[in-house]
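A structural walkthrough
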Amino acid sequence: MYYENFWTSFAPSYEKEKGLNWSVGFPPDVPIFSFSAADIGGLVVPAFREPEKYTGVKIKTVVEYLSPCDLATQFSDTVSSSRRPATRTILQPSSCTSRGST
């Protein structure tokens, strides 16, 4: 999953009664690949510039594997530690069986 998808396809929603909510169609405790689309250029450009060096070579593109629970916990920790109004409800990784599953 691209980190940029958090603001598009998988963006959290906000409801006044429930607060911030994040819902995705992945199992909550199963790690999935996670990285920024911006990181791809640094890997692809050298491969195009020097095809003889990279032909047939596997290039690792994934930065980390995080479960949705890990992502929810990190997001919640970041939002709660930033300067936000105390009345704002933050994302709670309530469906997670453990804190940090990777």
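Our subject is the structure listed above.
So, here is what we can say about the structure in this document. Just so we're clear, the structure is a prediction, and the values are computed from it rather than from any experiment. (Residues numbered from 1 in each chain as written. Predicted model: local features only at pLDDT ≥ 70, side-chain atom pairs only at ≥ 80, totals over all residues. Heavy atoms only, no water.)

**Things to note about the environment of Glu64**
Along the chain, Glu64 turns up in strand β4 (residues 64-66). Since its relative accessible area comes to 30%, Glu64 is described here as partly exposed. Taking C-alpha positions, Glu64 is 9.0 Å from Pro31, a pair spaced 33 residues apart along the chain. Apart from the residues within four sequence positions on either side, Glu64 is in contact with Tyr3, Ile32, Phe33 and Ser34. (Helix = DSSP H or I, 4+ residues; strand = E, 2+ residues; numbered from the N terminus. Buried < 20%, exposed > 50% of the residue type's maximum accessible area, 1.4 Å probe, protein only. Contact = heavy atoms within 4.5 Å.)

**Some details on the environment of Asn21**
Counting through the fold element by element, Asn21 comes out in strand β2 (residues 19-21). C-alpha of Asn21 to C-alpha of Ala11: the two residues are 10 residues apart in sequence and 9.0 Å apart in space.

**What about the packing of aromatic side chains?**
Aromatic rings in a pair are described by how distant their centres are and how their planes are angled relative to each other. In total, this model carries one aromatic pair according to the counting rule given. Here the aromatic rings of Phe33 and Phe35 are separated by 5.9 Å at their centres, their planes lie at 40°, and the arrangement is tilted. Under the relative-accessibility criterion, Phe35 is labelled buried at 5%. (Phe/Tyr/Trp six-rings, centres within 6.5 Å; stacked < 30°, edge-to-face > 60°.)

By themselves, these observations are geometric and do not establish any function.
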